[in-house]
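# Understanding the architecture of this molecule
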Amino acid sequence: MPKDTKYAAKKADSNGWIHYSDAENEVWRDLFAQQQPSVERLAARPFLDGQNKLNLPTDRVPQCVEVSETLIDLTGWRVEPVPALIGFSRFFEMLSNSTFPAASFIRDRESFDYIEEPDIFHEIYGHTPLLTDPRFAKFSLAIGETGTRCDKSDYAWLIRLYWFTVEFGLIREDGEIKALGSGLASSPGELHHSVDEPKVVRKPFDIIDILRTPYRIDINQPIYFVLDDVDQLLEAADRDLIEDIRQAKALGLFEPTYPPKEKVS
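Heads up: these notes are all about the structure in this document. Predicted model, so just to flag it, every value in this text is computed and none were measured.

### Regarding the pairing of strand β4 (residues 176-179)
The side chains of a regular strand alternate between the sheet's two faces. Across four bridges, the pairing between strand β3 (residues 170-173) and β4 is antiparallel. Each residue of the ladder has a partner; that of Ile 171, found in β4, is Lys 178. Linking β3 to β4, which pair antiparallel, is a turn of two residues; within it Asp 174 sits at a positive phi near 50°.

Set out below in structure tokens:
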């Protein structure tokens, strides 16, 4: 997550509703229209099933309170607007309370195809369909609960498990690779890259390997992990993830397969 952002958090009213301008609603409309055909072709069934359950509006930014009404009935989760940038400690605490933190702003036209920090399109379009699935809900809860119990020095290790599953996970369906992660579903370029790019390394799902794999947030990933079944996340949720982190730290990080980020002078 970037250390700063040009975007400002939008405040909800007493009913939990946020006012979005016509221009902001039009950005949502156009992002949805651009992304949906690719998602229908490349995304995994659990994501598409979640979209059908939510039936998100296509012509305006959805409100967290209305999405929460559906999620609460399905999995007990809700969505709460937050500032653009929150720390790991608050992030894990919210997940441990079955609450997904959603950045309240939406990108501008200048950043239409790529934005480094998460916005409401990424949060709602990308994340909430998976939270309709009890398996993802349980896994996300386990990540949050582990984050509230582990040492702060473990945060960067634990978040890799979230990154390579909920954000950028792949899954094998009927012999084909499909996109599962929220970051893929909401990204015009990386969705195709993750599934179609022949140079990408697609590794079997392995928790210790995932915890040892460094990543950059500002590039298309060179490595993805592929689930054989979503139930593998249920098995992961029942593991002692703090012990897994201890083992991964003892083994050390793998060498990055991406170039270092250039410093801005």
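### So, the environment of Phe 164
Summarising the element assignment, Phe 164 is placed in helix α7 (residues 155-167). By relative accessible area, Phe 164 is classed as buried at 2%. Sequence-wise, Phe 164 and Tyr 224 are 60 residues apart; in three dimensions their C-alpha atoms are separated by 6.6 Å. If we skip the residues at most four places from it in the chain, Phe 164 touches Gly 169, Ile 210, Thr 213, Pro 214, Tyr 215, Gln 221, Ile 223 and Phe 225.

### Comments concerning helix α5 (residues 120-127)
Of all eight residues that make up α5, eight are buried, and the element is covered over most of its length. Here α5 has its buried residues at Ile 120, Phe 121, His 122, Glu 123, Ile 124, Tyr 125, Gly 126 and His 127.

### So, the pairing of strand β2 (residues 99-103)
Within β2, five of the five residues are buried, leaving the element largely enclosed by the surrounding structure. Of the two faces of β2, the one lined by Thr 99, Pro 101 and Ala 103 and the one lined by Phe 100 and Ala 102 are each fully buried. Note that strand β1 (residues 78-82) and β2 share five bridges and pair parallel. What sits directly across from Val 82, in β2, is Ala 103.

Procedures and definitions
- Residues numbered from 1 in each chain as written.
- Predicted model: local features only at pLDDT ≥ 70, side-chain atom pairs only at ≥ 80, totals over all residues.
- Heavy atoms only, no water.
- Pairing = 2+ DSSP bridges.
- Helix = DSSP H or I, 4+ residues; strand = E, 2+ residues; numbered from the N terminus.
- Buried < 20%, exposed > 50% of the residue type's maximum accessible area, 1.4 Å probe, protein only.
- Contact = heavy atoms within 4.5 Å.

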